[in-house]
Amino acid sequence: MSSSREKALLFLPVAFFFAIAGIVFWQTSTVFVEMDAAGGPPQYNAALVPNGLAWLLVIFGVVQAVRILIGQERFSDGSVPAPDGSPGPEESFLLLRAAMSFAALVAFTAMLPVIGFYLAMPALMFVLMLILGNRSPVTLVAASLLTTLAAGYVFGALLNVRLPVGMFELTIW
């Protein structure tokens, strides 16, 4: 690595992984416990899958951090900071998209117990696809709804996980 600034920028995605995992652990130990959905056998433990996925994020984050520290992970061509140390336009745009994605996940996490899974998830998918550059209205709506239904079916019907229903008590499976 040529500078400590470049190495620090490589750690941003790792920090993002840890932040998401932290939010999941916080939610499953507070909100899910209050909803009585974080204990008992797997079919009544809605925190089981999110906690498992959060632990995977932590593990992959640690692996990535080790790769950065030993010098195996580098920027691809064109994504390194400008020679004067200021971020280039592409780098600034990527950081902005990462920040907006994180904000969308935080908003989703906050709204999930209030409006429920079947309203919060399509909104999250819609916003994330917009942030990532998808502008097709048909794709935005269809993918948001299909992803929500697929995730709801897998977790609600197949795994018997109680998904948050929110104030509207909306559930499908």
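Just above sits the structure.
Values in this document were obtained by computation on a predicted structure and should not be read as measured data.

**Some remarks on the packing of aromatic side chains**
If you walk through the whole model with that rule in mind, you get four aromatic pairs. Where phenylalanine 117 meets tyrosine 118, the ring centres are 5.1 Å apart and the plane angle is 85 degrees; that geometry is what we call edge-to-face. You can call phenylalanine 117 buried: its relative accessible area is 8%. Since its relative accessible area comes to 9%, tyrosine 118 is described here as buried. Here tyrosine 153 and tryptophan 173 contribute two aromatic rings whose centre-to-centre distance is 5.3 Å and whose plane-to-plane angle is 75 degrees, an arrangement assigned as edge-to-face. Taken together, the residues span a long stretch of sequence, with tyrosine 153 in helix α7 (residues 137-158) and tryptophan 173 in the segment after α7 at a distance of 20 residues. The exposure class assigned to tyrosine 153 is partly exposed, which follows from its relative accessible area of 37%.

**Here we look at the packing of helix α6 (residues 117-131) against α7**
Between α6 and α7, the shortest axis-to-axis distance is 8 Å and the interhelical angle comes to 135 degrees. Judged on the interaxial angle alone, α7 and α6 are oblique. The two elements α6 and α7 cross, and the hand of that crossing is right-handed. Contact residues: Phe117, Tyr118, Met121, Pro122, Met125, Phe126, Met129 and Leu130 in α6; Thr139, Leu140, Val141, Ala143, Ser144, Leu145, Thr147, Thr148, Ala151 and Gly152 in α7. For the contact of α6 with α7, the residue count by class is 13 nonpolar, five polar and no charged.

**Quick look at the packing of helix α2 (residues 12-29) against helix α4 (residues 48-69)**
Taken N-terminus to C-terminus, the directions of α2 and α4 make an angle of 155 degrees; their axes are 9 Å apart at the nearest point. Here α2 lies roughly antiparallel to α4, going by the angle between them. In the packing of α2 onto α4, the handedness of the crossing is left-handed. For the pair formed by α2 and α4, the contact residues are Val14, Phe17, Phe18, Ile20, Ala21, Val24, Phe25 and Thr28 on the first element and Pro50, Asn51, Ala54, Trp55, Leu57, Val58, Gly61, Val62, Gln64, Ala65 and Ile68 on the second.

**A short note on the nonpolar core**
Residues Phe108, Phe117, Met121 and Leu124 are the most contacted members of the largest nonpolar core, which totals 20 residues. Every element with two or more residues in this core is listed here: α3 (31-34), α5 (89-115) and α6. The element best represented in this core is α6, accounting for eight residues. Other than its neighbours up to four places away in sequence, phenylalanine 108 contacts Ala120, Met121 and Leu124.

What counts and what doesn't
- Residues numbered from 1 in each chain as written.
- Predicted model: local features only at pLDDT ≥ 70, side-chain atom pairs only at ≥ 80, totals over all residues.
- Heavy atoms only, no water.
- Phe/Tyr/Trp six-rings, centres within 6.5 Å; stacked < 30°, edge-to-face > 60°.
- Buried < 20%, exposed > 50% of the residue type's maximum accessible area, 1.4 Å probe, protein only.
- Helix = DSSP H or I, 4+ residues; strand = E, 2+ residues; numbered from the N terminus.
- Axes fitted to C-alpha atoms, helices over the stretch in contact; angles between N-to-C directions.
- Parallel < 35°, antiparallel > 145°, perpendicular 65-115°, else oblique.
- Left-handed = near helix turned anticlockwise from the far one by under 90°.
- Contact = heavy atoms within 4.5 Å.
- Nonpolar A, V, L, I, M, F, W, Y, C, P; charged D, E, K, R; others polar.
- Core = buried A, V, L, I, M, F, W, Y, C linked by side-chain atoms within 4.5 Å.

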